[in-house]
Amino acid sequence: RLAALPPGLSRVGAEVRAQRDALVYPGFFGRTPWVQLAHVPRYLKALDRRLAKYPERPDRDARHAEQVALWWRRYKERADAIRPSGRVEPALEDFRWLLEELRVSLFAQELRTPSPVSFKRLDKAWADLERLNHYPQRLTGTVINTEHDHVRQTHQQSAHARRVHLHRGSPE
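Calculation rules
Residues numbered from 1 in each chain as written. Predicted model: local features only at pLDDT ≥ 70, side-chain atom pairs only at ≥ 80, totals over all residues. Heavy atoms only, no water. Helix = DSSP H or I, 4+ residues; strand = E, 2+ residues; numbered from the N terminus. Buried < 20%, exposed > 50% of the residue type's maximum accessible area, 1.4 Å probe, protein only. Polar contact = N/O pair within 3.5 Å; in protein donor to acceptor, adjacent residues only side chain to side chain. Contact = heavy atoms within 4.5 Å. Expected span 1.5 Å × (residues − 1). Core = buried A, V, L, I, M, F, W, Y, C linked by side-chain atoms within 4.5 Å. Salt bridge = Lys/Arg side-chain N within 4 Å of Asp/Glu carboxyl O.

Next up on the list: unusual backbone geometry. A positive phi angle is found at Arg112, which is not glycine, with a value near 60°. Along the chain, Arg112 falls in the loop between helix 6 (90-107) and helix 7 (119-134). With a relative accessible area of 64%, Arg112 lands in the exposed category.

What follows is the structure in structure tokens.
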């Protein structure tokens, strides 16, 4: 469907290509969390549904696309910033897949999402991510609920480690 797009749809075509390329690229099978691999076909189908629906409501598509693009840029900036360190932020990876689910919800709602997703939930997930990221830097001031923050962060790191082991085929 992408190859047959008329020139007037270059914006949406470029967005769909970029999303497709972020999902499927050389080595994606080994880098995509095992749990998310099962959803990749649905994400790709959502791209196709978006292209099919675009002519019906281009204004709606553009409005949603603009909002999603802002969130994607935030995600990419943060992911690109931590990449050189080799550090893994499980909450950031979870956020990335939440964005994919939001795209399904906005552009191909009939494909459904496994759990509710919205811009409000994205806001909350990002705020949680920011809070987790800044935990070590907050030591200069009063920190409330440090025990809870530490337990939550440890739990998320453990969950990510389990996903990595399962993904690589290692027994737990």
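And the narrative resumes.
Structurally, Asp61 can be placed in helix 5 (residues 58-82). The class for Asp61 is buried, based on a relative accessible area of 5%. A polar side-chain atom of Asp61 sits 3.4 Å from a polar atom in the side chain of Arg11. Once you skip the residues sitting within four places of it in the chain, Asp61 turns out to touch Arg11, Val12, Arg50, Tyr54 and Phe107.

All right, on to helix 5 then. In a regular helix each residue adds 1.5 Å, so 25 residues correspond to 36 Å; helix 5 covers 35 Å between its end C-alpha atoms and thus fits that length. Listed in full, the buried residues belonging to helix 5 are Asp61, His64, Ala65, Val68, Trp71, Trp72, Tyr75, Arg78, Ala79 and Ile82.

Moving on, we get to the nonpolar core. In terms of nonpolar packing, the biggest core is built from 20 residues, with Tyr75, Leu92, Phe95, Leu99 and Leu122 touching the most fellow members. Of all elements in the fold, only helix 5, helix 6 and helix 7 reach the threshold of two or more residues within this core. No other element matches the eight residues that helix 6 contributes to this core. Excluding its chain neighbours within four sequence positions, the residues that come into contact with Leu92 are Tyr75, Arg78, Ala79, Ile82, Trp126 and Leu129. One finds Ala46, Trp97, Val104 and Leu111 within the second-largest nonpolar core, a separate group that totals seven residues.

Between side chains of opposite charge, a pair can form as their charged atoms come close. Overall, the coordinates contain 17 salt bridges when judged by the stated rule. In this structure, the salt-bridge partner of Glu15 is Arg50, at a minimum N-O distance of 2.4 Å. Taken together, the residues Glu15 in helix 1 (residues 10-23) and Arg50 in helix 4 (residues 40-53) connect sequence positions 35 residues apart. Taking relative accessible area as the criterion, Glu15 reaches 26% and is therefore assigned partly exposed. In this structure, Arg83 and Asp80 form a salt bridge, with 2.7 Å as the shortest nitrogen-oxygen distance. Under the relative-accessibility criterion, Arg83 is labelled exposed at 53%. Assessed through its relative accessible area of 36%, Asp80 is described here as partly exposed. One network of salt bridges, with partners in common, ties together Arg11, Glu15, Arg50 and Asp61.

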